[in-house]
Amino acid sequence: MERKSEINGHAMPGSAERLRERGATKSTQEKLLEFLRRNLLVIMTVSGVVVGVGLGMGVRGMNLNRAQMSYFAFPGEMLLRMLKMIILPLVVCSLVSGAASLDTRSLGKLGGIAVAYFLVTTLIASGIGVALAFIVKPGVGAGALNTNSLGLERVSTNKETTDSFLDLARNLFPSNLVAAAFRSYSTDYKMVASGNDTNGTTIYQKVPFGTENDGMNILGLVLFAMVFGVALRKLGDEGEELIRFFNAFNEATMVLVSWIMWYIPFGIVFLVGSKIVEMEDVVLLVTSLGKYIFASILGHVIHGGIVLPLIYFGFTRKNPFSFLSGLITPFTTAFATCSSSATLPSMIKCVEENNGVDKRISRFILPIGATVNMDGAAIFQCIAAVFIAQLNNHELNAGQIFTILVTATASSVGAAGIPAGGIITIAIILEAIGLPTNDLSLMLAVDWIVDRTTTVVNVEGDALGAGILHHINQQEMKKQQEQMEERGELSEVRVETLANVQAQEETSPLVVHKTKASEVVPEAVESVL
């Protein structure tokens, strides 16, 4: 009887205590196993960074030659190649299916909110960068520091600011979609003889001409995929087959991403280790440019640790750090690869699975964010511009500071989501305020340090943006559901009143007489006409 009662859930007091103890121990073990199972990839990825640092420090003392360094870096190179391989199908398919699955009105509204969020956060980041540069003053007292003292090569750039923004517009509309998958448009210059002066000396004129640079034109592909998705939605039933094709392609790509993610911890070990092995004289660089590195990383900590979480909390009233805790794997990937684009596959997967963000939102917003939202880049670009001004003892006026803010915000849209992608953007800012670009190699020398926190802040801004849009979308859906319920209640009330009227018509002879009279009158009128 006791056994039977236990099975039915009504155990005796003695057996209840035993069951409770057994259940408690079992639940603790299950919780531990569940935690390890759920966070195994995160633990392995973070461990990969630690092991990579230790391995790099150990191998560094072996004085490897160039060939041996390339062999050592090979597993890390394979990780980068796999992540970059998946970017093109992921961006195109996710944006086409995302734009096609969202309603045109909600697409426009969400797109508008996303653009406003990206612009405002980037502008705030630029402001933080400029403010920190004037507080920390990384370039003051470093006038003697130049590329020769550190044995660095000069970075040559002669691109005009106007042409940089024109190239941005040109890349938005690629002339060849196939070429856009591996090339982007860029303006170069050549000197052309335009005649002679009075002394007979040949006058040369700087003439711009278009060239194709190696590197995916993600901006053009993003715009095309969005517009193409909207066009498929407009087709209706005719476009359903193609929408299903892109949805299936997208899901298959995400399966590939889940496989690649298990290689990430192993690849990160050698990616981080090879960077440490390749470092030149780190002590000299850090002591020379320590204040610049400190200001940049401090800016990233303030923006990523305070500003972005506050913006997320302001919109959603939810704990931003519990949201971010589900994204440790993409953050670690961002830290190791220094590429927003390469982090995109793992970011989409973790945002959907760990944080429950709607697939339609994440696969629409995150590829756009990885292309245009560069908060971390805006911070270090502004600090770098002010640093170079201080290095050259150049006092910046209010107009130039405003130019730095606007140019950094606008040009970060066109910055490539690849390692050292923001260095060329700094050249645009320097040209805009009339400063020399010959000190850019100083930035390039320590870019591998600063670029890691830059990329983490970039992808954090994208993820929190997706979370905010998901929350706004849910609120809109709740409102629509409430409105539909209210309409449903009203329609029920109307049905009931109509039923009562019909009952009255049947029972009241006066009502029947009036309705009959009203029915007869139109017939009489019609017959007269």
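Below is a summary of the structure that appears in this document. Given the structure is predicted, the values throughout are model-derived calculations rather than measurements.

Focus on the overall build of the chain
Helices and strands together make up the secondary structure of the chain, namely 20 helices and two strands. For the chain, buried positions account for 44% of its 529 residues. Considering only contacts in the chain between residues 6 or more positions apart, those separated by 24 or more positions represent 80%. When the accessible surface of the chain is totalled, it reaches about 28,000 Å², and 62% of it is carbon and sulfur.

Overview of the nonpolar core
Phe323, Leu327, Met347 and Phe364 are the most contacted members of the largest nonpolar core, which totals 73 residues. With 13 residues, helix H4 (residues 74-101) is the largest single contributor of residues to this core. Sequence-distant contacts of Met347, that is, excluding residues within four places in its chain, are made with Leu327, Pro330, Phe331, Leu366, Val459 and Ala463.

Digging into the packing of H4 against helix H15 (residues 359-372)
Their axes nearest at 8 Å, the elements H4 and H15 cross at an angle of 130°. The angle between H4 and H15 places the two elements in the oblique class. Crossing hand, H4 versus H15: left-handed. Residues Val91, Ser94, Leu95, Gly98, Ala99 and Ser101 of H4 form the contact with H15, whose participating residues are Arg360, Arg363, Phe364, Pro367 and Ile368. Classifying every residue of the contact of H4 with H15 gives six nonpolar, three polar and two charged.

Here we look at the side chain of Ser362
Within the secondary structure layout, Ser362 lies in helix H15. Only 3.3 Å separates the side chain of Ser362 from the backbone oxygen of Lys359, close enough to count as a polar contact. Contact partners of Ser362, with chain neighbours within four places excluded, come to Val351, Glu352, Val357 and Pro367.

What about empty space enclosed by the protein?
Evaluated as defined, the whole model comprises two cavities of 30 Å³ or more. Considered as a void within the structure, the second largest cavity measures approximately 30 Å³ in volume. What lines the second largest cavity is simply Ser340, Leu344, Met347, Leu366, Ala370, Val459 and Asp462. For the lining of the second largest cavity, the secondary-structure elements that each account for two or more residues are helix H14 (340-355), H15 and helix H19 (440-507). The biggest single contributor to the lining of the second largest cavity is H14, with three residues. Among the residues making up the lining of the second largest cavity, the classes are represented as five nonpolar, one polar and one charged.

Things to note about the packing of aromatic side chains
Describing an aromatic ring pair means giving the distance of the ring centres and the angle of the ring planes. Applying the stated criterion across every chain, the model contains ten aromatic pairs. Their ring planes at 90° and their centres at 5.8 Å tell us that Phe245 and Phe249 sit as a pair that is edge-to-face. Of the two residues, Phe245 and Phe249 both sit in helix H9 (residues 237-261), four residues apart, roughly one turn of that helix. Its relative accessible area of 36% is what places Phe249 among the partly exposed residues. A centroid spacing of 5.2 Å and a plane angle of 65° characterise the contact between Phe266 and Phe270, whose relative ring orientation is edge-to-face. One end of the pair is Phe266 and the other is Phe270, both in helix H10 (residues 264-278) and four residues apart, which spans about a single turn. Judged by relative accessible area, Phe266 falls into the partly exposed class, the value being 43%.

Rules used in this analysis
Residues numbered from 1 in each chain as written. Predicted model: local features only at pLDDT ≥ 70, side-chain atom pairs only at ≥ 80, totals over all residues. Heavy atoms only, no water. Helix = DSSP H or I, 4+ residues; strand = E, 2+ residues; numbered from the N terminus. Buried < 20%, exposed > 50% of the residue type's maximum accessible area, 1.4 Å probe, protein only. Contact = heavy atoms within 4.5 Å. Areas by Shrake-Rupley, 256 points an atom, 1.4 Å probe, with all protein chains shown as cover. Core = buried A, V, L, I, M, F, W, Y, C linked by side-chain atoms within 4.5 Å. Axes fitted to C-alpha atoms, helices over the stretch in contact; angles between N-to-C directions. Parallel < 35°, antiparallel > 145°, perpendicular 65-115°, else oblique. Left-handed = near helix turned anticlockwise from the far one by under 90°. Nonpolar A, V, L, I, M, F, W, Y, C, P; charged D, E, K, R; others polar. Polar contact = N/O pair within 3.5 Å; in protein donor to acceptor, adjacent residues only side chain to side chain. 1 Å grid on protein atoms, 1.4 Å probe; cavity = no way out; pocket = protein on both sides within 12 Å on 5 of 7 lines; lining within 4 Å. Points joined across faces, edges and corners; volume = space filled by probe spheres on them. Phe/Tyr/Trp six-rings, centres within 6.5 Å; stacked < 30°, edge-to-face > 60°.

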